[in-house]
Amino acid sequence: MIVTTDQLFKIAYGKFAVGAYNINNMEQALGLFEGHIKAQAPFIVQISRGARNYANPIMLENIIRAAEQLYPEAIFAVHLDHGDEQTCYDCIDSGFYSSVMIDASHEPFEENVTITKRVVERAHAKGISVEAELGMLGGVEEDIAVDEKNALLTDPDEAKVFVERTGCDSLAVAIGTSHGAYKFMGGQGLHFDRMAAIQANLPGFPLVMHGSSSVPQEEVKRINAAGGALDPSAKGVDVDEFAKAVPLGVTKVNIDTDGRLVWTRVHREYFRDHPDGFDFRKPGKIFVPAYADFIVHKSHKLLSAGKLDVVRQALM
Ligand code: G3H
Ligand code: 13P
Ligand code: ZN
């Protein structure tokens, strides 16, 4: 069942974080739904502009609708990840998305406010909620590269003004994470003090943590042992820190890179062990349950495992 992102956030705030995972293909969708049913966890399926360009929005919508039919027990929202203004409008008008993210964080503050406000007006008129972003994460975000060292953490006072002026429904905050497989290169970790200061200014308001993959060392080693050449300094968020972020208002946690690592590991190992193989369904059959197991593990760390009944009750 597709629900609104707002409904999930109201139930989750302060108790658990909703995992938001990017999908690009059928295999990811199958593993995502299978894993969340196994974990009995609600979740958010998110689609980036890159995914829309890769798989076509109609294909993605129908993959998700098919997964919904195959897993009728699933409770989830559908979200546009890192949208620009036009893509937000396309998604709002499509009637399929529960929420959109307008990412104008690379713009000066006033421009970010103006663009976000325009999107909020269009989205709210259709009952769709809006995630905005303030501050800059390190790493690569769609086509914008931001030097990790210059990554700007979200200013708590600006965050309060930004939310008041734009009317956005949730806020992606820069609290030390970055996108991709090479986080915390400057040696720092999550800034819990900054999360607490933002929450103090925005009590009860859902915060979103992007760049939340944990980049498991074991996964990197297996990929490299099977012919990969990932930098062994690859590093991510400690999964045990999600539980500390939840009481500080982090309600949505975005994970994409880790899923890509599972895909890469499974396919590299399969073709290493089967050099004569060319039936892609064979590694696909290994990937789906591996991805489902990965989702189960994340759901426990996000504290969302076992919450499906609570969510169902609250939605009645
Ligand atoms: O934060 C970005 C997500 O990982 C999506 O990546 O734009 O390559 O689809 P993508
Ligand atoms: P990761 O690169 O850490 O998986 O972050 C994904 C993300 O923030 C998607 O918006
Ligand atoms: Zn992101």
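Residues numbered from 1 in each chain as written. Chains lettered and ligands numbered in written order. Predicted model: local features only at pLDDT ≥ 70, side-chain atom pairs only at ≥ 80, totals over all residues. Heavy atoms only, no water.

*Asks:* Looking at this structure, I do not really get helix 11 (residues 257-273). What am I missing?
*Replies:* In an α-helix, one turn spans 3.6 residues; hence positions three or four apart end up facing the same way. With 17 residues, helix 11 should reach 24 Å at 1.5 Å per residue; the first-to-last C-alpha distance of 24 Å fits that figure. All buried positions along helix 11 are accounted for by Thr 257, Asp 258, Gly 259, Leu 261, Val 262, Arg 265, Val 266, His 267, Glu 269 and Tyr 270. Buried-residue contacts for helix 11 involve helix 9 (217-225), strand 10 (250-255) and helix 12 (281-302). (Helix = DSSP H or I, 4+ residues; strand = E, 2+ residues; numbered from the N terminus. Expected span 1.5 Å × (residues − 1). Buried < 20%, exposed > 50% of the residue type's maximum accessible area, 1.4 Å probe, protein only. Contact = heavy atoms within 4.5 Å.)

*Asks:* Please explain the packing of helix 11 against helix 12 as it appears in this structure.
*Replies:* Between two packed helices, what matters for the description is the angle formed by their axes and the separation of those axes. Across the interface, helix 11 lies against helix 12 with an axial gap of 9 Å and an inter-helix angle of 145°. Once helix 11 is placed against helix 12, the crossing between them reads as right-handed. Of helix 12, the residues touching helix 11 (which contributes Asp 258, Gly 259, Val 262, Trp 263, Val 266, His 267, Tyr 270 and Phe 271) are Lys 282, Pro 283, Gly 284, Ile 286, Phe 287, Ala 290, Tyr 291, Phe 294 and Lys 298. (Axes fitted to C-alpha atoms, helices over the stretch in contact; angles between N-to-C directions. Left-handed = near helix turned anticlockwise from the far one by under 90°.)

*Asks:* Could you clarify how one ought to interpret the packing of helix 2 (residues 26-39) against helix 4 (residues 57-70) in this entry?
*Replies:* Close contact between helix 2 and helix 4 brings their axes to 10 Å; oriented N to C, the two are set at 35°. Along this stretch, helix 2 crosses helix 4, giving a crossing that reads as right-handed. Counted together, Met 26, Ala 29, Leu 30 and Phe 33 of helix 2 and Ile 63, Ile 64, Ala 67, Glu 68 and Leu 70 of helix 4 form the full contact between these two elements. By residue class, the composition of the contact of helix 2 with helix 4 is 8 nonpolar, no polar and 1 charged. (Nonpolar A, V, L, I, M, F, W, Y, C, P; charged D, E, K, R; others polar.)

*Asks:* Hey, could you run me through the packing of aromatic side chains in this one?
*Replies:* By the definition in use, this model includes 10 aromatic pairs. An angle of 15° between the planes, with centres 5.4 Å apart, marks the rings of Phe 43 and Phe 76 as stacked. One end of the pair, Phe 43, is in strand 2 (residues 43-48); the other, Phe 76, is in strand 3 (residues 76-83), with 33 residues separating them in the sequence. Taking relative accessible area as the criterion, Phe 76 reaches 0% and is therefore assigned buried. Considering the side-chain rings of Tyr 270 and Phe 271, the 5.1 Å spacing of their centres and the 90° angle between planes classify their relative orientation as edge-to-face. Of the residues examined, Phe 271 reaches a relative accessible area of 33% and is grouped as partly exposed. (Phe/Tyr/Trp six-rings, centres within 6.5 Å; stacked < 30°, edge-to-face > 60°.)

*Asks:* Any chance you could explain the nonpolar core here in plain terms?
*Replies:* The nonpolar side chains of soluble globular proteins are, as a tendency, buried together. The biggest cluster of nonpolar side chains holds 73 residues, and the ones touching the most others in it are Leu 32, Phe 33, Ile 64, Leu 171 and Met 195. Looking at this core element by element, the count peaks at 7 residues for helix 12. If sequence neighbours within four positions are ignored, Ile 64 has contacts with Ile 23, Phe 33, Val 45, Ile 47, Phe 76, Val 78 and Phe 96. (Core = buried A, V, L, I, M, F, W, Y, C linked by side-chain atoms within 4.5 Å.)

*Asks:* Whenever I open this one, the pairing of strand 4 (residues 99-102) confuses me. Can you help?
*Replies:* Taken residue by residue, a regular strand's side chains alternate between the two faces of the sheet. Going residue by residue along strand 4, you find Ser 99 and Met 101 tucked away on one face and Val 100 and Ile 102 tucked away on the opposite face as well. Pairing analysis gives 3 bridges linking strand 3 to strand 4, with the strands arranged parallel. Bridge pairing in strand 4 links Leu 80 to Val 100. Following the backbone out of strand 3, through helix 5 (residues 85-94) and into the adjacent parallel strand 4, one traces a crossover that is right-handed. Relative to strand 5 (residues 129-134), strand 4 runs parallel, the two sharing 4 bridges. Looking at the pairing, Ile 102 lines up with Ala 132 of strand 5. Tracing the backbone out of strand 4, into helix 6 (residues 109-124) and back to the parallel element strand 5 gives a crossover that is right-handed. (Pairing = 2+ DSSP bridges. Right-handed = clockwise from strand over helix to strand, strands pointing away.)

*Asks:* Where do I start with the pairing of strand 2 in this structure?
*Replies:* Judged by how many residues are buried, strand 2 sits mostly within the fold: 6 of 6 residues are covered. Side chains of strand 2 alternate between two faces, with Phe 43, Val 45 and Ile 47 and Ile 44, Gln 46 and Ser 48 buried alike. In this structure, strand 1 (residues 18-22) lies alongside strand 2, joined through 4 bridges in parallel fashion. Looking at the pairing, Ala 20 lines up with Ile 44 of strand 2. Of the crossover connections in this fold, the one passing from strand 1 over helix 2 to the parallel strand 2 is right-handed. Alignment of strand 2 against strand 3, held across 6 bridges, turns out to be parallel. Bridge assignment links Phe 43 to a residue of strand 3, and that residue is Phe 76.

*Asks:* Explain the layout of surface pockets to me, please; I cannot follow it from the model alone.
*Replies:* Left-over empty space is what a probe sized like a water molecule reveals as it rolls over the atoms. Computed from the structure, the second largest pocket encloses a volume of approximately 250 Å³. Considering the residues around the second largest pocket, the lining is formed by Asn 24, Asn 25, Glu 27, Gln 28, Tyr 54, Arg 260, Trp 263, Thr 264, His 267, Phe 271, Phe 280 and Gly 284. If you list the elements that add at least two residues to the lining of the second largest pocket, you get helix 2 and helix 11. With 5 residues, the top contributor of residues to the lining of the second largest pocket is helix 11. In the lining of the second largest pocket, the residues fall into 4 nonpolar, 6 polar and 2 charged. (1 Å grid on protein atoms, 1.4 Å probe; cavity = no way out; pocket = protein on both sides within 12 Å on 5 of 7 lines; lining within 4 Å. Points joined across faces, edges and corners; volume = space filled by probe spheres on them.)

*Asks:* Could you clarify how one ought to interpret the sheet that holds strand 8 (residues 170-173) in this entry?
*Replies:* An order of 1-2-3-4-5-8-9-10 is seen for the 8 strands of this closed barrel, with the pairing classed as parallel. Neighbour-to-neighbour, the strand axes of this sheet turn through a mean angle of 25°, independent of strand direction. Against the sheet, helix 2 engages strand 1, strand 2 and strand 3, with an angle of about 165° to strand 2. Against the sheet, helix 7 (residues 156-166) engages strand 5 and strand 8, with an angle of about 150° to strand 5.

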